[in-house]
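What follows is each chain in one-letter form.
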Amino acid sequence: MLFTQTIQNTIHNKFMENLPLGLLESEILMKMKDCSDDERIIMEFFYSTMSASDIGDYDFSLYKKFADFGLFLAENSQWKKVVSEDIFFNFVLYYRINNEAIEDCRPFFYNALKDRIRGKNMKEAALEVNLWCAEHVTYQATDERTVSPLTVLRSSYGRCGEESTLVVTAMRSVGIPARQVYTPRWAHCDDNHAWVEVWCDGDWYYLGACEPEPVLNRGWFNNASARAMLVDAKAFLTVAREDMITRNGQTLILNELSRYAPSRYFTVTVKDSLPVPGVTVHFEMLNGSEFFPLASITTDESGNGGLTLGFGSIHIHGVKDHRFVEAIVDTSATASVTLDFSRATQTEPEYQEDFNFIAPKDSMRNNVQLTEEQKELRCRVISSADQKRKEYAKGFYQEENAEKLAAGFSHPQEVAGILKSAEGNFQEIYEFLSMDFGTGDKELQFQMLKCLQKKDYRDVRCSVLVEHFKWALKYQKDYPLEIFVPYIMCPRAYYEQLTPYREFILSVFDKHRAELFREQPKQVWEYVSKFQLDLSRYHEQLIGTPEGIIRSGLADLKGRKVLFTAICRTFGIPARINPVDLAVQYYEKGEFKNLEDNSDEDKGNAGLILIGGTEKWFYLNNWTIAVLKEGSYQTLELADYPWKNGQLELYLKPGSYRLITSNRTPNGNQFAKKYCFNLEAGKTKTLAISLREVEISDLIEDISFTPFELYNENNEAISAEAMSGDKPAVFVWLEEGHEPTEHILNEFIQAQDVLNKMDCSIIFIIPDHNALVNETFKKTCRAIPGAKVYYSDFSDTAETMARRMYVDPENLPLTVVMQGSHGIYACSGYNVGIVGLIIKIMNLQLWT
């Protein structure tokens, strides 16, 4: 046996405790008998910790491949003697990283990387693996479904959660312990981030996925992570010296914040006349104008619970038996809060309230300085990796074949666009569009693809598309195209993995049951309601596939909704999961009906008219609406609903709602409004909303930055700190000829009289001499003769300063107000009135 008796006993006891395994248990146990002792221990580890969806969606044989490759690494990895068993099982052996699709991919990555890391120590090897990933993949925003590492590789891009899943997989494939770490929401800006930690020689180090650096513990997020309120990671067996927050089913959620940010243990006590145990306490961050849960714990018998948090505002939501109580706390001011549960309620009265949400202060505790030699090496490596990636991705799109095929469709550009979006999955989509199903034309195939998500083009198989297309055709004439394609033919219901399921579902039910379903769609829900699961097998980010749910007999609520939709569509009943509130709906008599509505007594919707004035409203940015359900608020999906003439008209289910607007300042603090209101069936409510105004002083920051140099006409280096001195100075990185830069230069020209009288410096920064011939730039220099012009490599100074000031590094022009070695204010891109705002900020600094 490769493993100690201690780990064998721990895993076997855990496996026995977590039986049964649904309808597949006897089959799984039978196959385990054919395993070796080492294989059996690993398979028990997998099956004792996996979610219900993983039990049903993937075959035993796939997990055995992971087990066998793990055993290969246990015997052959060059670092096998320094990796402890708890680290090996959790962070080398385990098959899952995030909520990605599972594929047998470890041998592929091992063979691709083994020669590149030969002879290197663990740290050097980790950097080399990350560089290899950067030579194939870069960042691009996508939807929340996480594709497999091989799909990321075949796409040459992914969001941060997918990049980090790729890098962790590659690391584990060569025996380097690795894990994805994640801040669910930043405190200082409306976003989140995932990156990678690697275990080298007894300690954890971090790196940005697919972002090569010459050293570990360095990434663009160094300063951002020092302002985090929570950073977590996942494990499946207890790990020595780790702080566990809670469990998500069988997954242990670990708190890694102390590695990155100033922090303290924060305690929540819930009581009425006595302590209240069993209260679920959600620790929520105001981000994108919604209270997003960072973590949740349950109070103990003493009514206490807590976790380690950063120093800033946190929203506490305690709920039990559909009753809740809330509070906003500044953890920099206190280490505890007591919630009075005698005030808990199932609903809220109508009211409006202003509140502030404070971000943790800026910190340079994670700042790692590179030597000049390392900086030069970094630039060369990044440039080389980018060129290799572009060359690698160049072969994905077969332009000639795509254009020839697209010419046969009524919208050739759209068809070609879908084929291009398929990236390395081009052949699968090309084959589907090329097939003849005897329908007379291929437009229906094109329409089916249009109802999928863009990400689906990158990993859906032709066989999956064919199965859904063929079995749905018999219902084509029953409904108009706009109902038939997205709600019968479409294989996607939510964010589940796309699989063939129609033929399987047809084999499960006889003709009598099928007719019953078609006549009474609610009978489908009665059927799917029998699929349940124990909370120990629950995973909030994993949704079972229809066939997997039926085979295993295990499903959570989202899984049941997906299965309901799949069964309905298989039998020609249009069905969907409503994108606004995730209610299950079926189509009847020309409209979609909620499954839970009483058909004999239509409760109807309520109207809501929002009056927003002249403000520009962006959903999940400066406003959201959430509905109260069972004591917790659920944010609605309203991003696709447009405002017209300052108004938005909505039709929602009756109930209690909460609308939040927020105005975030550059220092990360938020000035917010909360509107609580009730909607009644058949009635319309009008609600005027607004953003809170902020003072100029609220925009001021105090961010230290590492000194940098610019170059004058004679190529002489001058420090930015020397240019600023003890008075405010405005530095503007310009992208001549581009519209945003033209706008800001025109504003400088319009403000010349004021600027020329101010006792401050104005520095225009350009990449080379080409900008000097731009007419608007020349006019600006004439209008403000005291302005100075310097040169810089933007990839160094502009990107670094933008990151440091927490603004978008890819959005020029970049405007930064500095004083000495401190940033006072920053703005990326062009906003109307930006120069006027800068003048007010500099005047404020001059008078203080």
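The coordinates are above.
Report on the accompanying structure.

Thresholds, definitions, all that
- Residues numbered from 1 in each chain as written.
- Predicted model: local features only at pLDDT ≥ 70, side-chain atom pairs only at ≥ 80, totals over all residues.
- Heavy atoms only, no water.
- Helix = DSSP H or I, 4+ residues; strand = E, 2+ residues; numbered from the N terminus.
- Rg over C-alpha atoms; globule rule 2.2 N^0.38 Å.
- Buried < 20%, exposed > 50% of the residue type's maximum accessible area, 1.4 Å probe, protein only.
- Pairing = 2+ DSSP bridges.
- Salt bridge = Lys/Arg side-chain N within 4 Å of Asp/Glu carboxyl O.
- Contact = heavy atoms within 4.5 Å.
- Phe/Tyr/Trp six-rings, centres within 6.5 Å; stacked < 30°, edge-to-face > 60°.
- Lys NZ or Arg CZ within 6 Å of the ring centre and 35° of its normal.
- Polar contact = N/O pair within 3.5 Å; in protein donor to acceptor, adjacent residues only side chain to side chain.
- Axes fitted to C-alpha atoms, helices over the stretch in contact; angles between N-to-C directions.
- Disulfide = S-S within 2.5 Å.
- Arc of directions from axis to C-beta.
- Core = buried A, V, L, I, M, F, W, Y, C linked by side-chain atoms within 4.5 Å.
- Expected span 1.5 Å × (residues − 1).
- Patch = residues over 30% accessible without salt bridge, like charges linked within 9 Å, V, L, I, M, F, W, Y side chains within 5 Å.
- Areas by Shrake-Rupley, 256 points an atom, 1.4 Å probe, with all protein chains shown as cover.
- Lys, Arg positive; Asp, Glu negative; His and termini not counted.
- Charge placed at Lys NZ, Arg CZ, Asp CG, Glu CD.

1. A short note on the overall build of the protein chain
Then comes step 1: Secondary structure summary: the protein chain contains 29 helices and 34 strands in total.
Then comes step 2: Taken over C-alpha atoms, the radius of gyration comes to 29 Å for the protein chain, in line with the 29 Å a tight globule of 848 residues would show.
Then comes step 3: Its C-alpha atoms give the protein chain principal-axis dimensions of roughly 85 × 75 × 70 Å.
Then comes step 4: Across the 848 residues that make up the protein chain, the buried fraction comes to 55%.

2. Re the pairing of strand S6 (residues 232-235)
Then comes step 1: Alternating positions in S6 separate into two faces, Asp232 and Lys234 on one and Ala233 and Ala235 on the other, with burial throughout.
Then comes step 2: Across four bridges, S6 lies against strand S8 (residues 251-255) in antiparallel orientation. When the sheet's bridge partners are listed, Ala233 is paired in S8 with Leu254.

3. Looking at the pattern of salt bridges
Then comes step 1: What the rule picks out here adds up to 40 salt bridges.
Then comes step 2: Arg116 is the partner of Glu128 in a salt bridge, and the nearest nitrogen-oxygen pair spans 2.7 Å. On the criterion of sequence distance, the pair formed by Glu128 in helix H8 (residues 122-134) and Arg116 in helix H7 (residues 106-117) is long-range, its members being 12 residues apart.
Then comes step 3: Residue Glu128 is classed as buried on the basis of its relative accessible area, which comes to 16%.
Then comes step 4: Of the residues examined, Arg116 reaches a relative accessible area of 25% and is grouped as partly exposed.
Then comes step 5: The salt bridge involving Glu135 is made with Lys388; its shortest N-O contact spans 3.5 Å.

4. Digging into the environment of Ile696
Then comes step 1: Structurally, Ile696 can be placed in the loop between strand S26 (684-688) and strand S27 (703-704).
Then comes step 2: You can call Ile696 partly exposed: its relative accessible area is 24%.
Then comes step 3: With 602 residues separating them along the chain, Ile696 and Tyr94 place their C-alpha atoms 51 Å apart.
Then comes step 4: When neighbours within four sequence positions are excluded, Ile696 is seen to be in contact with Leu837, Lys840, Ile841 and Leu844.

5. Here we look at the packing of aromatic side chains
Then comes step 1: Taken as a whole and judged by the stated rule, the model has 58 aromatic pairs.
Then comes step 2: Here the guanidinium or amino end of Arg185 rests over the ring plane of Phe292, the centre of that ring lying 3.6 Å away.
Then comes step 3: The aromatic ring of Tyr633 is capped on one face by Arg658, whose charged end is 4.0 Å from the ring centroid.

6. A short note on the side chain of Asn578
Then comes step 1: On the secondary structure map, Asn578 appears in the loop between strand S17 (575-577) and strand S18 (584-588).
Then comes step 2: A polar atom in the side chain of Asn578 sits 2.9 Å from the backbone nitrogen of Val580.
Then comes step 3: If we skip the residues at most four places from it in the chain, Asn578 touches Ala583 and Gln585.

7. Concerning the sheet that holds S17
Then comes step 1: Reading across from one edge, S17-S18-S19 is the order of the three strands in this open sheet, with antiparallel pairing throughout. Since the sheet does not close on itself, it has two edges, and those belong to S17 and strand S19 (591-594), each with one partner. Strand-to-strand twist of the sheet, defined as the mean angle between neighbouring strand axes without regard to direction, takes the value 35 degrees.
Then comes step 2: Most of the contacts of helix H23 (residues 557-570) go to S17, to which it runs at about 160 degrees, and overall it touches S17 and S18.

8. Focus: the environment of Lys375
Then comes step 1: With respect to the helices and strands, Lys375 occurs in helix H12 (residues 372-393).
Then comes step 2: Classification of Lys375 by relative accessible area gives partly exposed; the value is 33%.
Then comes step 3: Residues Lys375 and Pro177, 198 residues apart in the sequence, show an inter-C-alpha distance of 28 Å.

9. As for the environment of Ser263
Then comes step 1: Considering the arrangement of structural elements, one finds Ser263 in the loop between S8 and strand S9 (264-271).
Then comes step 2: Take Ser263: its relative accessible area is 24%, and that puts it in the partly exposed class.
Then comes step 3: As for Ser263 and Leu309, which are separated by 46 residues in sequence, their C-alpha atoms are 5.4 Å apart.
Then comes step 4: In this structure Ser263 touches Leu257, Ser258, Thr308, Leu309, Gly310 and Phe311, once residues within four positions along its chain are discounted.
Then comes step 5: Looking at Ser263, its side chain comes within polar contact range of the side chain of Ser258, at 3.4 Å.

10. Topic: the sheet that holds strand S16 (residues 351-357)
Then comes step 1: Reading across the sheet, the five strands line up as S16-S25-S24-S21-S22 and stay open at both edges, with antiparallel pairing between neighbours. Of all strands in the sheet, those with a lone pairing partner are S16 and strand S22 (632-635), marking the two edges. In this sheet, adjacent strand axes meet at a mean angle of 30 degrees when their direction is disregarded.

11. Some words on the pairing of strand S15 (residues 336-340)
Then comes step 1: Burial along S15 is one-sided: the face carrying Val337 and Leu339 is buried and the face carrying Ser336, Thr338 and Asp340 is not.
Then comes step 2: Direction of pairing for S9 relative to S15: parallel, over a ladder of five bridges. Within S15, the position partnered with Val270 by the bridge is Leu339.

12. Points about the state of the cysteines
Then comes step 1: Evaluation of the coordinates by the stated rule reveals zero disulfides.
Then comes step 2: Free cysteine Cys160: the closest other cysteine sulfur is in Cys210, separated by 11 Å.
Then comes step 3: Judged by its relative accessible area of 13%, Cys160 falls in the buried class.
Then comes step 4: In this structure Cys200 is not part of a disulfide, and its nearest cysteine sulfur, from Cys133, lies 14 Å away.

13. Overview of helix H28 (residues 797-804)
Then comes step 1: Of all the residues in H28, the buried ones are Thr797, Ala798, Met801, Ala802 and Arg804. Here the buried residues of H28 occupy an arc of 165 degrees about the axis, which is enough to place them on one side.
Then comes step 2: Looking at the buried side of H28, the elements it contacts are helix H11 (222-225), S27, strand S28 (709-711), strand S30 (729-733) and strand S33 (814-819).
Then comes step 3: Positive backbone phi, at 65 degrees, marks Tyr806, one or two positions downstream of H28.

14. Quick notes on the nonpolar core
Then comes step 1: Core analysis: the largest hydrophobic core is formed by 81 residues, its most contacted members being Met43, Phe45, Phe46, Tyr47, Phe89, Met171 and Val198.
Then comes step 2: Residue contributions to this core peak at nine residues, all from helix H5 (residues 60-76).
Then comes step 3: The residues contacting Met171, other than those within four sequence positions of it, are Ala126, Val129, Asn130, Ile176, Ala178, Val198 and Leu207.

15. Points about unusual backbone geometry
Leaving glycine aside, a negative phi is the common case for residues, and trans is the common case for peptide bonds.
Then comes step 1: Cis geometry is found at the peptide bond from Leu19 to Pro20, where omega equals 5 degrees.
Then comes step 2: When you line up the elements, Pro20 lands in the loop between helix H1 (5-17) and helix H2 (25-32).
Then comes step 3: In this structure, His322 is a non-glycine residue whose phi angle is positive, near 70 degrees.
Then comes step 4: Mapping His322 onto the fold places it in the loop between strand S13 (313-320) and strand S14 (323-330).
Then comes step 5: For Leu582, which is not glycine, the phi torsion reads 65 degrees and is therefore positive.
Then comes step 6: The residue Leu582 is located in the loop between S17 and S18 in this model.

16. Thoughts on H5
Then comes step 1: Helix length check: H5 (17 residues) gives 24 Å between terminal C-alpha atoms against 24 Å at 1.5 Å per residue, within 8%.
Then comes step 2: If you check which residues of H5 are buried, you get Phe60, Leu62, Tyr63, Phe66, Ala67, Phe69, Gly70, Leu71, Leu73 and Ala74.

17. Observations concerning a negative patch on the surface
Then comes step 1: Among the surface-exposed residues, Asp793, Asp796, Glu799, Asp808 and Glu810 lie close enough to one another that they form a single negatively charged patch.
Then comes step 2: With respect to the secondary-structure elements, Glu810 resides in the loop between H28 and S33.
Then comes step 3: We classify Glu810 as exposed; its relative accessible area is 73%.

These results come straight from atomic positions and should not be treated as a statement about function.
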